[in-house]
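So you can see what is in the structure, the chains are spelled out below.
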Amino acid sequence: MSNPPHDTLRMVRLREELERRGLDCLALVPGPNLFYLTGLSFHLSERPVVALLPVDAPPAIVLPALEVPKLALAVGAITSYPYTDEEGPVRAFQQACAALELAEARIGVEGLRMRVMEARLLERYAPNCQLIPADEVMEELRILKDAGEIAALRRAVAVAEAALRAVLAQVRPGMTEREAAALLMVELLRGGGEGLPFEPIVVAGPNAASPHAVPTDRPIRTGEPVIIDCGAMVGGYVSDITRTVALGGLPEEMVRVYEVVRQANEVGRAHIQPGRTAQEVDRAARQVIRAAGYGDFFIHRTGHGLGLEVHEPPYIVEGNRLSLQTGMTFTVEPGVYLPGQGGVRIEDDVLVTPGGAETLTTFPRELLVL
Ligand code: CO
Ligand code: CO
């Protein structure tokens, strides 16, 4: 197999992966995979956009004519098949599928992302093609971060930590969870974040007993744990940090829970080593919480990969025997949630290094009483 000229390193690796799996082409819709390979971002909307990356020919993209100006940002050459709103996408799909000879092709698709609409268009205009879920092809490419990606992640962490610091200086008893979350959004964007990778969570008291609770109009009171979980996006890469703080002193049990979670976070991070499995990191963190008697209240995995997406491989969870490797980035975020009372979560972002792990997040982990 010879690569077309001007292929980027990522495209070269993609072609190798496709060939290894006996796929003729990869079809991508807007999202992180398309961005990773081409530098292009589009909205996933009612106007279909499909990039076709064949194993033995230059890439092509079917897209609405109004999106053509964005192609100037593409990394590497890409042939475009634009369609206008008036004509619709049929002719463009026909032409692209014919030009790339996709009839009877084995086409890898994003099972987690492609919709029935795009699948039907491909099946119709690439007769007798086979659409094969191939998410793991891109997962494999993206799981090890290069220097540029790590630099972007560091900037995303810095923006999130600055926003967290700014908001903690303003949170007062009586402020509602939603008001605090709104401040956080403003600070994340003002500090250089490019949109919000996810809606920040600020939840207090009983509401903090649910890991993904939505901020409410309930005022934050003294003596309650407040879970603050936020992230920034910089250069397409995202951070994800959680700290639990207290307004005034916490009940004794919550202080104890805080210390257990802090220790679980520390032990989990200290356990990271190239060659260890993802599940071993989960077990190490979980064991601390179990030993303290709170095992039943740690109701989620220890962490998730972090990159172009807030949740991506590697998942730090029991059953995941994936070996950690230098260049992987993920969160370590143990938590304990006591129904009716509240919860504690401490989330850091880590980079696997030859000697263990570097924690990218630097925000203090001692219980902060505001
Ligand atoms: Co988070
Ligand atoms: Co997270």
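Chains are numbered independently. Their residues run from 1 in the order of the written sequence. Each chain is given a letter, starting from A, and each ligand a number, starting from 1, according to the order in which they appear as written. In keeping with the predicted nature of the model, local features appear solely for residues at pLDDT of at least 70, side-chain atom pairs appear and are counted solely at 80 or more, and the whole-chain, interface and lining totals rest on all residues. Side-chain figures throughout are based on the complete set of non-hydrogen atoms in the structure, without hydrogens or water.

*Asks:* Would you explain unusual backbone geometry in this entry?
*Replies:* Negative phi is the rule for most residues except glycine; trans is the rule for most peptide bonds. In this model, Pro-313 is joined to Pro-314 through a cis peptide bond whose omega is 0°. Every helix listed is a DSSP run of H or I at least four residues long, and every strand listed is a run of E at least two residues long, numbered separately from the N terminus. If you trace the backbone, Pro-314 turns up in strand S13 (residues 312-316). Phi is positive for Glu-101, which is not a glycine, with a value near 50°. Within the element layout of this structure, Glu-101 appears in the loop between helix H3 (90-99) and strand S5 (106-109). With a relative accessible area of 66%, Glu-101 lands in the exposed category. The phi angle at Glu-104 is positive, at roughly 65°, despite the residue not being glycine. Note that Glu-104 resides in the loop between H3 and S5. Note on classification: 1.4 Å probe, protein chains only; a residue is buried when its accessible area is under 20% of the maximum for its type, exposed when over 50%, partly exposed between these limits.

*Asks:* I'm lost on the pattern of salt bridges in this one. Help?
*Replies:* It is possible for side chains bearing opposite charge to pair when their charged atoms get close. By convention in these notes, a salt bridge is any Lys or Arg side-chain nitrogen within 4 Å of a carboxyl oxygen on Asp or Glu. Scanning the entire structure with this criterion turns up 28 salt bridges. With its nearest N and O atoms 2.9 Å apart, the salt bridge here joins Arg-345 to Asp-229. With a gap of 116 residues between them, Arg-345 in strand S16 (residues 342-345) and Asp-229 in strand S8 (residues 225-230) connect regions that are remote in the sequence. Classification of Arg-345 as buried rests on a relative accessible area of 1%. Residue Asp-229 is classed as buried on the basis of its relative accessible area of 4%. The closest approach of N and O atoms between Arg-286 and Asp-282, which form a salt bridge, is 2.9 Å. With Arg-286 and Asp-282 both in helix H9 (residues 278-291) and 4 residues apart, this pair spans about one turn of that helix. In this structure, Arg-286 and Asp-282 share a single accessibility class: buried.

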